[in-house]
Amino acid sequence: MMIAFISIIYFVPNYFTNTPPKNPIIKSIDLNYAIDISNPREVVGFSDNVFVGRVVKQVGTRNRDYPETQFEVEVLYNIKGEVNGTIKVNQVGGYEGDYLFLMEGDKLIEEGQTYLFATRYLAEEKWHTLIPVGGDIPINSDVEKKELIEKYTKAYKEEIPFKVD
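Basis of the calculations
Residues numbered from 1 in each chain as written. Predicted model: local features only at pLDDT ≥ 70, side-chain atom pairs only at ≥ 80, totals over all residues. Heavy atoms only, no water. Salt bridge = Lys/Arg side-chain N within 4 Å of Asp/Glu carboxyl O. Helix = DSSP H or I, 4+ residues; strand = E, 2+ residues; numbered from the N terminus. Buried < 20%, exposed > 50% of the residue type's maximum accessible area, 1.4 Å probe, protein only. Pairing = 2+ DSSP bridges.

Can you help me understand the pattern of salt bridges in this one?
Any two side chains of opposite charge can pair if their charged atoms end up close together. If you walk through the whole model with that rule in mind, you get six salt bridges. Here Lys-80 ties to Glu-159 by a salt bridge, and the two come within 2.9 Å at their closest N and O atoms. Highlighted residues: Lys-80 in strand E3 (residues 67–80) and Glu-159 in the segment after helix H3 (142–157), separated in sequence by 79 residues. According to the relative accessible area criterion, Lys-80 is buried, its value standing at 11%. When the shortest N-O distance is used, the salt bridge between Lys-154 and Glu-158 registers 3.4 Å. Here Lys-154 falls in the partly exposed class, since its relative accessible area comes to 48%.

Explain the pairing of strand E6 (residues 114–122) to me, please; I cannot follow it from the model alone.
Look at any regular strand and the pattern is simple: side chains alternate between the two faces of the sheet. Sheet analysis places strand E2 (residues 49–63) next to E6, joined by six bridges and oriented antiparallel. The residue bridging Val-50 from the neighbouring strand is Ala-118, located in E6. One ladder, built from four bridges, connects E6 with strand E8 (residues 136–139); its direction is antiparallel. When the bridges of E8 are listed, Phe-117 appears paired with Asp-136. As paired elements, E6 and strand E7 (residues 127–130) share four bridges and run antiparallel to each other.

Written out as structure tokens, the structure reads:
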């Protein structure tokens, strides 16, 4: 029994800590999208909220079909919707043991980084889930921020609403 316990601790340490592995094995989560995630008008039309925010810190993880990671995000500017203050943002993807699962290669958002976010609100969890790839665009300067706000404000005015057939 003790050998089995020692083996588990030795071979799967990341199951017992919140420390991500130094060199994770990356696994891609592939999906068929209901929208064109590269088209801002469709991304905005599918979203409940589009805003600029800064990632404060990671606040949780969960595994349903795939790992999901939750972050505290400070809302800086609304484009669509009326979120404000600090909210919880959920991203499909995250660490599971030695693996890092990423939705279509969409990197996990990073603490301290500012992004343009496009999200859908999940009331039962009280969080905002990111639209993969097109819903978490890093902002690295004030010029980029201004350009993205203008681009997505225009996309909101011309949004293509999502319709279920």
